[in-house]
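Fold and contact review
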Amino acid sequence: MKFFVDTAEIDAIAELHDLGMVDGVTTNPSLIMKSGRDILEVTKEICDLVDGPVSAEVVSLEADDMIAEGRKLAKIADNIAVKVPLTWAGLKTCKILSDEGHMVNVTLCFSANQALLAAKSGATFISPFIGRLDDINIDGMELIADIRDIYDNYGFETQILAASIRTVNHISDAAKIGADVITAPPGVIKKLADHPLTDAGLAAFMKDWAKTGQKIL
Ligand code: E4P
């Protein structure tokens, strides 16, 4: 499973990148706003840091403008994945940019049928939003499982990028289902290493080690 980091904060990406945990990055207009950075500048910096796909999202609502924005974003670096919303204009943009050889991430996916359309339009990634479905009492993980079944039934190569991840359990559950990629905030990825029994076990080992009076270094 690939790990993408869902942020436009360079320091947070760099910290996880140094640990080998970053296979790609996703951003969106809200994350760019939070970073306080210029979209073109910060996206370029992220692309220079990370080898894998870096999603940068278009903000126009009409296909012609989306396509123009997508082409401009794609010029930032070879590893840009143009992110488009799951609307007919977004799907048209996906088809055209995919045919031109660009990676496209179709975002804001909330149903299996939407995911089917994205695959048919040549998307590199489909981004189903787990957390936002959970927020309205619909099981987001069920959507990941449905898309996995549908894509496997027909051999679609579009990668399932489980998004809107809020908890560590979202990550392990998406992995069990076979999502190709998760994108999660840095804080959630860092929590993956936490376990109270690890902390308790380490404390006990340290206590016993101190009693030996030994040193390794
Ligand atoms: C994915 O690409 C989105 O940027 C992101 O996962 C949305 O997450 P949120 O629902 O927590 O805002």
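Look up a bit, the structure's there.
Remember, it's a predicted structure, so these values are computed and weren't measured experimentally. (Residues numbered from 1 in each chain as written. Predicted model: local features only at pLDDT ≥ 70, side-chain atom pairs only at ≥ 80, totals over all residues. Heavy atoms only, no water.)

Some points on the nonpolar core
The biggest cluster of nonpolar side chains holds 57 residues, and the ones touching the most others in it are Val106, Ile126, Ile147, Ala162, Ile165 and Ile182. Discounting residues that sit within four places of it in the chain, isoleucine 147 has contacts with Cys109, Ala112, Ala115, Ile126, Pro128 and Ile160. Counting five residues, the second-largest nonpolar core is a separate cluster that includes Phe4, Phe125, Leu161 and Val181. (Core = buried A, V, L, I, M, F, W, Y, C linked by side-chain atoms within 4.5 Å. Buried < 20%, exposed > 50% of the residue type's maximum accessible area, 1.4 Å probe, protein only. Contact = heavy atoms within 4.5 Å.)

Comments concerning the site of the ligand
Taken together, Asp6, Thr26, Asn28, Lys83, Phe129, Arg132, Ala163, Ser164, Arg166 and Thr183 make up the full set of residues near the ligand. One nitrogen or oxygen atom from the side chain of aspartate 6 is found 2.7 Å from an oxygen atom belonging to the ligand. Between an oxygen atom of the ligand and a side-chain N or O atom of arginine 166, the distance comes to 3.1 Å. Protein burial of the ligand: of its 340 Å² of free accessible surface, 86% is covered by the chains. Class assignment of the residues belonging to the shell around the ligand gives a composition of two nonpolar, four polar and four charged. (Near = heavy atom within 4 Å. Polar contact = N/O pair within 3.5 Å; in protein donor to acceptor, adjacent residues only side chain to side chain. Areas by Shrake-Rupley, 256 points an atom, 1.4 Å probe, with all protein chains shown as cover. Nonpolar A, V, L, I, M, F, W, Y, C, P; charged D, E, K, R; others polar.)

Looking at the environment of glycine 155
Relative to the helices and strands, glycine 155 is located in the loop between α8 (140-154) and β7 (159-162). Sequence separation of glycine 155 and valine 82 is 73 residues, and the distance between their C-alpha atoms is 23 Å. (Helix = DSSP H or I, 4+ residues; strand = E, 2+ residues; numbered from the N terminus.)

Thoughts on the pairing of β7
In β7, alternate side chains face the same way, and those of Gln159 and Leu161 on one face and Ile160 and Ala162 on the other are all buried. Summarising the sheet, β7 and strand β8 (residues 181-184) pair through two bridges and their orientation is parallel. Opposite alanine 162, over in β8, you have isoleucine 182 as the bridge partner. Regarding the hand of the β-α-β motif, the stretch spanning β7, helix α9 (residues 168-177) and β8 is right-handed. (Pairing = 2+ DSSP bridges. Right-handed = clockwise from strand over helix to strand, strands pointing away.)

Remarks on the sheet that holds strand β6 (residues 125-128)
In space, the eight strands of this closed barrel follow the order β1-β2-β3-β4-β5-β6-β7-β8, with parallel pairing throughout. Direction aside, neighbouring strands of the sheet carry axes that sit 30° apart on average. (Axes fitted to C-alpha atoms, helices over the stretch in contact; angles between N-to-C directions.)

Considerations on the side chain of arginine 148
Within the secondary structure layout, arginine 148 lies in helix α8. Engagement of the side chain of arginine 148 in a polar contact is seen with the backbone oxygen of glycine 178, the distance being 2.8 Å. Discounting chain neighbours no more than four positions away, the residues touching arginine 148 are Ile160, Ile177, Gly178, Ala179 and Asp180.

Some details on α9
Among the residues of α9, those classed as buried are His170, Ile171 and Ala174. The buried residues of α9 occupy one face: seen down the axis, they fall within an arc of 100°. The elements touched by buried residues of α9 are β1 (2-6), α7 (130-135), α8, β7, β8 and α10 (186-191). After α9 finishes, the residue glycine 178 shows a positive phi value of roughly 105°. (Arc of directions from axis to C-beta.)

What to know about unusual backbone geometry
Although it is not a glycine, leucine 108 adopts a positive phi angle of roughly 60°. Positionally, leucine 108 belongs in strand β5 (residues 103-109). Classification of leucine 108 by relative accessible area gives partly exposed; the value is 31%.

Observations regarding the packing of aromatic side chains
Each aromatic ring pair is specified by the distance between its two centres and by the angle formed by the two planes. Applying the stated rule across the entire model yields four aromatic pairs. When the ring of phenylalanine 110 is compared with that of phenylalanine 129, the centres are 5.6 Å apart and the planes differ by 65°; the resulting orientation is edge-to-face. Of the two residues, phenylalanine 110 is situated in the loop between β5 and α6 (112-120) and phenylalanine 129 in the loop between β6 and α7; the sequence distance between them amounts to 19 residues. Both rings, one in tyrosine 151 and one in phenylalanine 156, keep their centres 5.7 Å apart while their planes meet at 70°; by these two values the pair is edge-to-face. With relative accessibility at 0%, the residue tyrosine 151 sits in the buried group. A residue is classified by how much of its surface remains accessible, and phenylalanine 156, at 24% relative accessible area, is partly exposed. Through a chain of ring-to-ring contacts, the aromatic side chains of Tyr151, Tyr154 and Phe156 assemble into a single cluster. (Phe/Tyr/Trp six-rings, centres within 6.5 Å; stacked < 30°, edge-to-face > 60°.)

A closer look at the side chain of lysine 83
Assignment of secondary structure puts lysine 83 in strand β4 (residues 80-85). Residues contacting lysine 83, with those up to four places away along its chain left out, are Thr26, Thr27, Asn28, Ser55, Ala56, Glu57, Val58, Asn105 and Thr107.

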